[in-house]
Structures are given as C-alpha cells and as structure tokens.
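Descriptive analysis of the structure
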Amino acid sequence: MNGWSNYETWNVVLWLQNDEAVWTEFRSACRPFVRAGMLKDDMTYCAKVSFIRVYGSPITPDGISLYSPEINWREIYDAACEWFDIDTSAYDESVYEEWERKDSFGKELY
C-alpha cells in the first residue's frame, strides 16, 4: 500500500493529503496541538473532526471508518509530525509509551 502498513491506513492518509477541504480542516484543527506538542490522540481527534466537518461522518469516501481498528494511527501520527515539522526527539519515548497505555483517568488499558 505505497509504504503504509495496510489499505485502511493508506486510504485515510490518501484522503487527508489529497482532498483540499479535508487537508485544510485537518491543518486548522491540528494548529493548536502543534504549538503545544501534538500527541497521537490529538492528531487522531483532529483527523476524525476534519472528516466529520467535510463529509458529515468519520468515514472516508471509500467507506473506511476512522474508528476501524485496522488503521495504524501511530504510523499516521509519525507522518503528520513530518508534515507539520514537529520535532519529536524532545519527547521521552518511555514516558510517552506509558501515557499511551492509560485512559484519561490514569487507569492502565493494557
């Protein structure tokens, strides 16, 4: 899938980058997070909001739900950091990975 881990991930990126309305919404939604140090969940939220604003639902025009467990959001996040020129080297990966394993109340997810 053109360097992406699967079709679902590739399809979301395809629409994010190649639909001007979605890209504009995505950039706008991500702007405050980029300034503060965007995390994966922030970027995922921005992508879903962008699709809802443009298409009225969190589904790509090809029928891929942005809630699909097949989508590799970490891969899209890494790409978005490049798109928005975010330096992630300042993040302590061990703290970030620990944070990702917890829900918003601090409870371990896995």
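A brief structural summary. (Residues numbered from 1 in each chain as written. Predicted model: local features only at pLDDT ≥ 70, side-chain atom pairs only at ≥ 80, totals over all residues. Heavy atoms only, no water.)

Side note on the overall build of the protein
Using the following cut-off: Labels follow the DSSP assignment, with helices taken as runs of H or I lasting at least four residues and strands as runs of E lasting at least two, numbered in each case from the N terminus. All accessible areas in this document rest on Shrake-Rupley with a 1.4 Å probe, and a residue is counted as covered only by the protein chains that are shown.
In terms of helices and strands, the protein carries five helices and zero strands. When the elements of the protein are put in sequence order from the N terminus, they spell out α-α-α-α-α. If you sum the accessible surface of the protein, you get close to 6,600 Å²; carbon and sulfur atoms cover 50% of it.

Observations regarding helix H3 (residues 40-55)
Here is the rule we go by: Expected span, for any helix, means 1.5 Å times one less than how many residues it has. Residue burial is assigned from relative accessible area. The probe radius is 1.4 Å, only protein chains are included, and a residue is buried under 20% of its type maximum, exposed over 50%, and partly exposed in between.
With 16 residues, H3 should cover 22 Å at 1.5 Å per step; its first-to-last C-alpha distance of 22 Å lies within 8% of that length. Residues of H3 that are buried include every one of Lys 40, Asp 42, Met 43, Thr 44, Cys 46, Ala 47, Lys 48, Val 49, Ser 50 and Phe 51, and no others. Phi turns positive, to about 85°, at Gly 56, one or two residues after H3.

Thoughts on the pattern of salt bridges
Side chains that differ in charge, positive against negative, can pair when their charged atoms come close. Heads up, the rule is: Here, a salt bridge means any side-chain nitrogen of Lys or Arg that lies within 4 Å of a carboxyl oxygen of Asp or Glu.
Under the counting rule described, the total for this entry stands at two salt bridges. Here Arg 74 makes a salt bridge to Asp 78, at a shortest N to O gap of 3.4 Å. Of this pair, Arg 74 and Asp 78 both sit in helix H4 (residues 73-83), four residues apart, which is roughly one turn of the helix.

Description of the packing of aromatic side chains
Inclusion rule: Between the rings of Phe, Tyr and Trp (Trp by its six-membered ring), a pair exists once the centres lie within 6.5 Å; its type follows the angle of the planes, with under 30 degrees stacked, over 60 edge-to-face, and the other angles tilted.
Scanning the entire structure with this criterion turns up eight aromatic pairs. Judged by centre distance (6.4 Å) and plane angle (80°), the ring pair of Phe 26 and Trp 83 falls under edge-to-face. With Phe 26 in helix H2 (residues 20-36) and Trp 83 in helix H4, this pair connects stretches of sequence that are 57 residues apart. A relative accessible area of 0% means that Phe 26 is categorised as buried. Taking relative accessible area as the criterion, Trp 83 reaches 26% and is therefore assigned partly exposed. Taking the centre distance of 5.8 Å and the plane angle of 40° together, the rings of Phe 51 and Tyr 55 count as tilted. Pair noted here: Phe 51 and Tyr 55 are both in helix H3, with a separation of four residues, about one helical turn.

Quick notes on H2
For clarity, the threshold we go by: What the bend at a residue measures is the angle between two axes, fitted to the seven residues ending there and to the seven starting there. Every residue pair with non-hydrogen atoms within 4.5 Å of one another is taken to be in contact. For this analysis, a polar contact is any N or O atom pair within 3.5 Å, provided that within protein one partner can donate a hydrogen and the other can accept it, and provided that sequence-adjacent residues contribute only side-chain to side-chain pairs.
For H2, which comprises 17 residues, the first-to-last C-alpha distance of 25 Å matches the rise-based estimate of 24 Å (1.5 Å per residue) to within 8%. The axis of H2 is deflected most strongly, by about 40°, at Cys 30, and proline Pro 32 appears within four residues downstream. Buried residues in H2 make contact with helix H1 (7-18), H3 and H4. Where H2 starts, the residue carrying a side-chain oxygen 3.0 Å from the main-chain nitrogen of Ala 21 turns out to be Asp 19.

Digging into the packing of H2 against H3
The packing of two helices is summarised by the inter-axis angle and the distance between the axes. Let me state the cut-off plainly: Axis geometry follows a simple rule: fit a line to the C-alpha atoms, using only the stretch in contact for helices, then measure angles between N-to-C directions, giving values from 0 to 180 degrees. Should the near helix be turned anticlockwise from the far one by less than a right angle, the crossing is termed left-handed; should it be turned clockwise, right-handed. When residues are grouped by polarity, Ala, Val, Leu, Ile, Met, Phe, Trp, Tyr, Cys and Pro land in nonpolar, Asp, Glu, Lys and Arg in charged, and all others, Gly among them, in polar.
The geometry of H2 relative to H3 is characterised by a closest axis approach of 8 Å and an angle of 140° between their N-to-C directions. In this structure, H2 meets H3 at a crossing whose hand is right-handed. On the side of H2, the interface is formed by Ala 21, Val 22, Glu 25, Phe 26, Ala 29, Cys 30 and Phe 33, while H3 contributes Asp 42, Met 43, Tyr 45, Cys 46, Ala 47, Ser 50, Phe 51, Arg 53, Val 54 and Tyr 55. Classifying every residue of the contact of H2 with H3 gives 13 nonpolar, one polar and three charged.

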